[in-house]
Amino acid sequence: MGSFSKKRIAWLIIIEVLVTLLCLNYAAKNPDIFSEHLKTACYLALCAALLLLAGVGYILVIVKKTPLHRLMIFFGLSFGVLSCLIHTPGAIPDEPAHASNIYLWSNRVLFLPEKEAEKQDNPVYRDVESSMRRADLESEQFLLRRYTTTESYRNILKYTNWFYSADERELVSATLQDNSVTPIMYLPAIIGFTVARLLSLGFYPMLMIGRLCMLAFYVFAASWSIKKIPVGKMALFLTALLPMSLHLAASLSYDAVILALSMMTFSYIVYLAYGAVETIRWKERLTMLVLAMLLAPCKVGVYLPIVLLLLMVPKAKFGGGKQKAWFFLFVLLASGANCVLMNLPAISLGTHSVRILNDQGETLITSGWALCHPVDALKMMLHTVKGELMLWVKGAIGNLLSWFSIQIRNWIIAGFALCLVSVVFHEEGTEPITPAPRQRLLFLVPVVLCGFMYLAGMLVWWTPQGAKMIEGIQGRYFIPMIPLVLFFIPQISIDLHLKRGVVRVPRPGFSRYVALACILLSCASILVQAVVILAR
């Protein structure tokens, strides 16, 4: 446990002053924030919350030296809740469609009848004739909007009914969307929606409870992963607190569960390989199998290659090479079969000979064309990677949020990038990431395979004929790959020859300041998001 010294108190004051100056700077550049009482109250409340989080961050990280997995719980929930409040429901990419699908699954949990709609206009989402509460159907147009503005907050205050009467709970016919993905990816939100409806809560509280359930699952899964992994904890901590990671985690998007499951799977494999596990028993094997089968159906199996990292687990822990091979094949086949069964509609869609993109009316590239023109398809993939790689890197960190309408400042994105790069420095006194060169190369294999599968998938699911590059790929899809890339890069330390002797860089405690920098950058990111919205 640390204690306060004059030096630490001085640094705490400096941090609070810097955050205050940042708040004043954005206020001075956006005077419209103070044009209304509602805007002013929201901005001042947010500034107070960020000042508190910055101060608590310094105390927990530097003074108390709180473990990273506990920091993840506190700051993941804190920044996630702020993101929930700043971005009204619908403001996260594809959130209205996700909300409709979650509502449909909540209906199924409550055993409400449904039937497939006669007219199907969207090749991705299947329309289902089901039901909604009367007041939910009326509130949807006001409280589930694509962009957050000051008007969005006014609508919440005006139209939100916290508890429904019997008349408002009456079920009426409604068309909901089913994207045919495994309900596991929505499970926390489905539970939240269902509980809220059973408690007769209104539409907005139901949406927010669904969001908070997704956030809680993500945060505790990230914390579990950080605690479980024996080396490279900072890589997971930084990835989990990226602006885009928290943006998705605090929403109804299934990306929250996908990010959580990918971290858990990766963490557990590294634990089996480098942790204090002498013999892998049935408990560990069952846990690994469950994680692999839960992750496999996500995004039509794109993240299934992460399971290949099981190859780096020493065969002695399995009791021999034969036992390891059988277990690896069983996990791969079981998770692969689960992926196929859960994604039959999507796989079928990708094999159609002719498909029309719903809104633009363009004919899409098909799998048949890609198989008949493999060289052209490969050239298209390479051209896409060459032209979009840096945009994907920025997108994974979170330079564009809320339907690409909120741009995070470049200095914030650069700060997060530097924090991630700092993981390659081995801090003296900490456990290094020291896999053999061949094993380090193995960390790169899932990255390449996942990238190829995304390119191939979006080529036949989303790209129109005649396009020069593959369309529809976003940086957020590659967030689960960030820790793998950081593990691939060998850690280094530098010896500086000074007059007083040899000094090794980085010095002990370096990672603590990286964690603090990440927290302060998160404060800045949240502030920028709020300023953009309040200035609209």
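Some remarks on the pairing of strand β6 (residues 494–498)
- The pairing of β6 with strand β7 (residues 501–505) spans five bridges and is classified as antiparallel. Bridge pairing in β7 links Leu-498 to Gly-501.
- Between β6 and β7, which follow one another and run antiparallel, lie two residues.

A look at the sheet that holds strand β2 (residues 126–133)
- Reading across from one edge, β1-β2-β3 is the order of the three strands in this open sheet, with antiparallel pairing throughout. Lying at the two open borders of the sheet, with one neighbouring strand each, are β1 (115–116) and β3 (171–178).

Let's talk about helix α5 (residues 134–143)
- Those residues of α5 lying buried are Ala-135, Asp-136, Ser-139 and Leu-143. Down the axis of α5, the sector holding all buried residues measures 90°, keeping them to one side.

A look at the side chain of Ser-267
- Position of Ser-267 relative to the elements: it lies in helix α11 (residues 255–274).
- Looking at Ser-267, the relative accessible area reads 0%, which means it is buried.
- A distance of 2.7 Å separates the side chain of Ser-267 from the backbone oxygen of Ser-225, its partner in a polar contact.
- When sequence neighbours within four positions are dropped, the list of residues in contact with Ser-267 reads Ser-225, Lys-228, Ile-229 and Leu-236.

Thoughts on the packing of aromatic side chains
- For the coordinates displayed, the defined rule picks out 17 aromatic pairs.
- Seen in terms of ring centroids, Phe-75 and Phe-79 are 6.0 Å apart; in terms of plane orientation they differ by 25°. Their pairing is stacked. Highlighted residues: Phe-75 and Phe-79, both in helix α3 (residues 68–86), separated by four residues, approximately one helical turn. Here Phe-75 and Phe-79 have matching classes, each one buried.
- Here Phe-266 and Phe-487 contribute two aromatic rings whose centre-to-centre distance is 5.1 Å and whose plane-to-plane angle is 90°, an arrangement assigned as edge-to-face.

Here we look at the side chain of Ser-522
- In this structure, Ser-522 sits in helix α20 (residues 510–534).
- Setting aside its immediate chain neighbours within four residues, Ser-522 contacts Phe-79, Leu-241 and Phe-416.

Describing the packing of α5 against helix α8 (residues 203–228)
- Orientation of α5 relative to α8, taken along the N-to-C sense of each, is 70°, at an axis distance of 9 Å. Of the possible angle classes, the one that applies to α5 and α8 is roughly perpendicular. Contacts from Asp-136, Ser-139, Glu-140 and Leu-143 in α5 reach Phe-203, Tyr-204, Met-206 and Leu-207 in α8.
- In the contact of α5 with α8, the residues fall into five nonpolar, one polar and two charged.

Definitions and limits used
Residues numbered from 1 in each chain as written. Predicted model: local features only at pLDDT ≥ 70, side-chain atom pairs only at ≥ 80, totals over all residues. Heavy atoms only, no water. Pairing = 2+ DSSP bridges. Helix = DSSP H or I, 4+ residues; strand = E, 2+ residues; numbered from the N terminus. Buried < 20%, exposed > 50% of the residue type's maximum accessible area, 1.4 Å probe, protein only. Arc of directions from axis to C-beta. Polar contact = N/O pair within 3.5 Å; in protein donor to acceptor, adjacent residues only side chain to side chain. Contact = heavy atoms within 4.5 Å. Phe/Tyr/Trp six-rings, centres within 6.5 Å; stacked < 30°, edge-to-face > 60°. Axes fitted to C-alpha atoms, helices over the stretch in contact; angles between N-to-C directions. Parallel < 35°, antiparallel > 145°, perpendicular 65-115°, else oblique. Nonpolar A, V, L, I, M, F, W, Y, C, P; charged D, E, K, R; others polar.

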